[in-house]
Structure formats: structure tokens, C-alpha cells
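Read off the chains here:
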Amino acid sequence: MTRSPEISQAIFEDVKAVVVVTLDIEDQADDLGPETGLYGNLPELDSLTVVKLIVALQKRFGIEMEIVGDTFDTLGRLAAFVESKVR
């Protein structure tokens, strides 16, 4: 399980933690990596939980997020998006 070099480990782990808690998937946490598919792949992530996840990420990182097409494709892509907003 490798991570994209452009994503800092700290941001990735923080985003992963928010995803795990928001989706209540603690039992799957060890299996989640940057290439893990999110929307359309995790049954726990539907349109309502996307909104909850956006709110949780905004609170955790103090950022504003808008829903952009492929942002929720993979955990790595979501982490990279959050990192771009934090910088």
C-alpha cells in the first residue's frame, strides 16, 4: 500500500481518519490506502454521507469545499484535494 508522493503523510492520515469516523468503518481502516475507491465503491458513502464528509473535513481542516466531479473517486484524490485547500 503506497501513497502518492504529492500527498503529505500527515494530511493523508488525517483525511483517512475523518473518512473512517464519518462513515463508521473503523473495522476497514487498516485496508484503506490512497487507491481505495470511495464514491461508488464504499456502500457507506452515498450522497447524504458525502455531505456529512464535506462538513467534517471543513471543520477538521478549516477549509471550504465544493463538490467537484472526481474529488471523491479515491482516498488519495480526496486527500490531495484537501491538501491543496490547506496550503
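Anything mentioned here points back to the structure above.
A brief look at the structure comes next. Since this is a predicted model, take the numbers as computed values, not measurements.

## A few points about the packing of helix α2 (residues 47–61) against helix α3 (residues 75–86)
Between α2 and α3, the least distance of the axes is 11 Å, while the angle of their chain directions is 40°. The pairing of α2 with α3 is recorded here as oblique in orientation. In this structure, α2 meets α3 at a crossing whose hand is right-handed. Residues Leu-53, Leu-57 and Phe-61 of α2 form the contact with α3, whose participating residues are Leu-78, Val-82 and Val-86. Grouping the constituent residues of the contact of α2 with α3 by class yields six nonpolar, no polar and no charged.

## A look at the nonpolar core
Val-15, Leu-53, Leu-57, Met-65, Leu-78 and Val-82 are the most contacted members of the largest nonpolar core, which totals 27 residues. Broken down by secondary-structure element, the contributors of at least two residues to this core are α1 (9–23), α2 and α3. It is α1 that contributes the most residues to this core, seven residues altogether. Not counting the four nearest positions on each side in its chain, Val-82 is found in contact with Ile-11, Val-15, Leu-57, Phe-61 and Ile-63.

## Description of the pattern of salt bridges
Two side chains carrying opposite charge are able to pair once their charged atoms lie near each other. In the structure shown here, the tally under the stated rule is four salt bridges. In this structure, Glu-66 engages Lys-85 in a salt bridge whose closest nitrogen and oxygen atoms are separated by 3.5 Å. You can see Glu-66 sitting in the loop between α2 and α3 and its partner Lys-85 sitting in helix α3, a full 19 residues away along the chain. Given the relative accessible area of 37%, Glu-66 is considered partly exposed. For Lys-85, a relative accessible area of 34% corresponds to the partly exposed category.

Here is what the cut-offs are and how they apply
- Each chain has its residues counted from 1, following the order in which its sequence is written.
- Totals for whole chains, interfaces and linings use all residues, but because this is a predicted model, local features are given only for residues with pLDDT of at least 70 and pairs of side-chain atoms are given and counted only at 80 or more.
- Only hydrogens and water are removed before side-chain values are computed, so all heavy atoms of the structure are retained for them.
- Every angle, taken between N-to-C directions, lies between 0 and 180 degrees, and every axis is a line fitted to C-alpha atoms, over only the stretch in contact when it is a helix.
- The helix count covers DSSP runs of H or I at least four residues long, the strand count covers runs of E at least two residues long, and both are numbered beginning at the N terminus.
- The cut-offs work like this: below 35 degrees is roughly parallel, past 145 is roughly antiparallel, 65 to 115 is roughly perpendicular, and the gaps in between are oblique.
- Left-handed describes a crossing in which the near helix is turned anticlockwise from the far one by less than a right angle; the clockwise case is right-handed.
- In what follows, a contact means two residues having at least one pair of non-hydrogen atoms within 4.5 Å.
- Charged means Asp, Glu, Lys or Arg here, nonpolar means Ala, Val, Leu, Ile, Met, Phe, Trp, Tyr, Cys or Pro, and polar covers whatever is left, Gly included.
- Take the buried residues of types Ala, Val, Leu, Ile, Met, Phe, Trp, Tyr and Cys, join any two whose side-chain atoms come within 4.5 Å, and each joined set is a nonpolar core.
- Buried residues are those whose accessible area, probed at 1.4 Å on protein chains only, stays under 20% of the maximum for their type, while exposed residues exceed 50% and partly exposed ones sit between those limits.
- Salt bridges are counted wherever a side-chain nitrogen of Lys or Arg sits within 4 Å of a carboxyl oxygen of Asp or Glu.

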